[in-house]
Amino acid sequence: MSEIRPENDDRRKFMEADPDGPFVMVNFLRFKPGGGSKDYGKYGSAFAKLIKEYGGEFIYNGRVAQRFVGDDDWHAVALVRYPSRKAFYDLTTSAEYMKIHEFREDGLEKTLVYATVPIDRAQAGLK
């Protein structure tokens, strides 16, 4: 089991879930010691430019200040909106992405990534 890459079965299930609907990817990031954050920064800068070409956008990037609940430590969190899972798939399998992916691999020790879908706030009883 990879700590930073999806398994083939996970990728398949991800695409089958809802290939056309918008979603937000929630990323928890732990960098490798000794420069991992710099390597990941190279990836992040290039990815920020590339994502726009596929209709995505960064919603939030932040450094973790401290853990409040839980038992795992993360260095950063990023929220990224995508127009569809197909757009995400096309982006992450593109030649342009393959050129920058090595910086992600070089920088990350571990990651936890969730695809989330919007909820209707009124229907959920939230205003």
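Residues numbered from 1 in each chain as written. Predicted model: local features only at pLDDT ≥ 70, side-chain atom pairs only at ≥ 80, totals over all residues. Heavy atoms only, no water.

With that out of the way, let us pick up the environment of Trp74. Looking at where Trp74 falls in the secondary structure, it is placed in the loop between strand E2 (57-63) and strand E3 (76-82). As for Trp74 and Thr111, which are separated by 37 residues in sequence, their C-alpha atoms are 8.3 Å apart. Apart from the residues lying within four places of it in its own chain, the contact partners of Trp74 are Phe28, Leu29, Arg30, Val64, Lys110, Thr111 and Leu112. (Helix = DSSP H or I, 4+ residues; strand = E, 2+ residues; numbered from the N terminus. Contact = heavy atoms within 4.5 Å.)

Further remarks concern the pattern of salt bridges. In the structure shown here, the tally under the stated rule is seven salt bridges. Here Asp39 ties to Lys42 by a salt bridge, and the two come within 3.9 Å at their closest N and O atoms. Placement of the pair is Asp39 and Lys42 together in helix H2 (residues 36-53), with a separation of three residues, close to one helical turn. Between Asp90 and Lys86 there is a salt bridge, with its nearest N and O atoms 2.8 Å apart. Placement of both Asp90 and Lys86 in helix H3 (residues 85-92) is noted, with a separation of four residues, approximately one turn of the helix. Residues participating in the shared-partner salt-bridge network are Arg30, Asp72, Glu109 and Lys110. (Salt bridge = Lys/Arg side-chain N within 4 Å of Asp/Glu carboxyl O.)

Before going further, it helps to spend a moment on the nonpolar core. In this structure, Phe47, Tyr82, Leu91 and Tyr97 are the most contacted members of the largest nonpolar core, which totals 19 residues. Taken together, the elements giving at least two residues each to this core come down to helix H1 (8-17), strand E1 (23-31), H2, E3, H3 and helix H4 (95-107). The greatest single-element share of this core, amounting to five residues, is contributed by H2. Once residues within four sequence positions are removed from consideration, Leu91 is found in contact with Phe47, Leu50, Ile51, Tyr54, Tyr82 and Tyr97. (Core = buried A, V, L, I, M, F, W, Y, C linked by side-chain atoms within 4.5 Å. Buried < 20%, exposed > 50% of the residue type's maximum accessible area, 1.4 Å probe, protein only.)

Note: strands within a sheet are paired through backbone hydrogen bonds, in either parallel or antiparallel orientation. Spatially, four strands are ordered E2-E3-E1-E4 in an open sheet, and the strand pairing comes out antiparallel. For this open sheet the edge positions go to E2 and strand E4 (108-116), each flanked by a neighbour on one side alone. With strand direction ignored, the average angle separating the axes of adjacent strands in the sheet is 15 degrees. In terms of strand pairing, E2 meets E3 through six bridges, oriented antiparallel. Each residue of the ladder has a partner; that of Asn61, found in E3, is Ala78. In the packing of H4 onto the sheet, the strands contacted are E1 and E4, and the crossing angle to E4 comes to about 115 degrees. (Pairing = 2+ DSSP bridges. Axes fitted to C-alpha atoms, helices over the stretch in contact; angles between N-to-C directions.)

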